[in-house]
Amino acid sequence: MNLLDYLPGVPDFPKPGILFRDISPLLADPAAFKEAIAKLDELAQSFDYTHILGIESRGFIFGSALAHHAHKGLALARKPNKLPLVTHR
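Scope of this entry: the structure provided in the associated data block. (Residues numbered from 1 in each chain as written. Predicted model: local features only at pLDDT ≥ 70, side-chain atom pairs only at ≥ 80, totals over all residues. Heavy atoms only, no water.)

What follows covers the nonpolar core. Proteins that are soluble and globular tend to have nonpolar side chains buried together. One finds L3, L26, I37, Y49, I52 and F62 to be the most contacted residues of the largest nonpolar core, which totals 15 residues. Those elements that provide at least two residues to this core are α2 (30-44) and α3 (58-70). Sort the elements by how many residues they give to this core and α3 lands first, with five residues. If we skip the residues at most four places from it in the chain, F62 touches I23, L26, L27, F33, I37 and L40. (Core = buried A, V, L, I, M, F, W, Y, C linked by side-chain atoms within 4.5 Å. Buried < 20%, exposed > 50% of the residue type's maximum accessible area, 1.4 Å probe, protein only. Helix = DSSP H or I, 4+ residues; strand = E, 2+ residues; numbered from the N terminus. Contact = heavy atoms within 4.5 Å.)

A few words on the pattern of salt bridges. The full count for this structure, using the stated rule, is two salt bridges. Measuring nitrogen to oxygen at the nearest pair gives 3.5 Å for the salt bridge that ties R78 to E56. Residue R78 is located in the segment after β4 (73-77), and its partner E56 is located in the loop between β3 (51-55) and α3; the two are separated by 22 residues in the primary sequence. On the basis of relative accessibility, which here comes to 38%, the residue R78 falls in the partly exposed class. On the basis of relative accessible area, E56 is assigned to the partly exposed category, the value being 27%. (Salt bridge = Lys/Arg side-chain N within 4 Å of Asp/Glu carboxyl O.)

The next thing to look at is the packing of aromatic side chains. Using the criterion set out here, one finds two aromatic pairs in the structure. Pairing F13 with F20 gives two aromatic rings, centres 5.5 Å apart and planes at 80 degrees, and the pair type is edge-to-face. The partly exposed category is assigned to F13, whose relative accessible area is 43%. When its relative accessible area of 30% is taken as the criterion, F20 is described as partly exposed. Note on F33 and F62: the rings are 5.7 Å apart at their centroids and 65 degrees apart in plane angle, and the pair reads as edge-to-face. Taken together, the residues span a long stretch of sequence, with F33 in helix α2 and F62 in helix α3 at a distance of 29 residues. (Phe/Tyr/Trp six-rings, centres within 6.5 Å; stacked < 30°, edge-to-face > 60°.)

This is the structure in structure tokens:
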């Protein structure tokens, strides 16, 4: 399965020279999403880690799925002042 087939590119968005990749088709296809998480897990195997850091907002999607798949904890990174509770910097 070629995962790039599920990540269509939109050239020059949001500005010239940038190729925006739309993740919606990947997320909409269960087999493709499962394969993407399996590939990320393969890459992560070479590291000794206890948690996945999911960076806002796509990282929340992929980070939570990878953490679940790998039986690891998940920590979320957000922009400053987005949460009312105590946070770490």
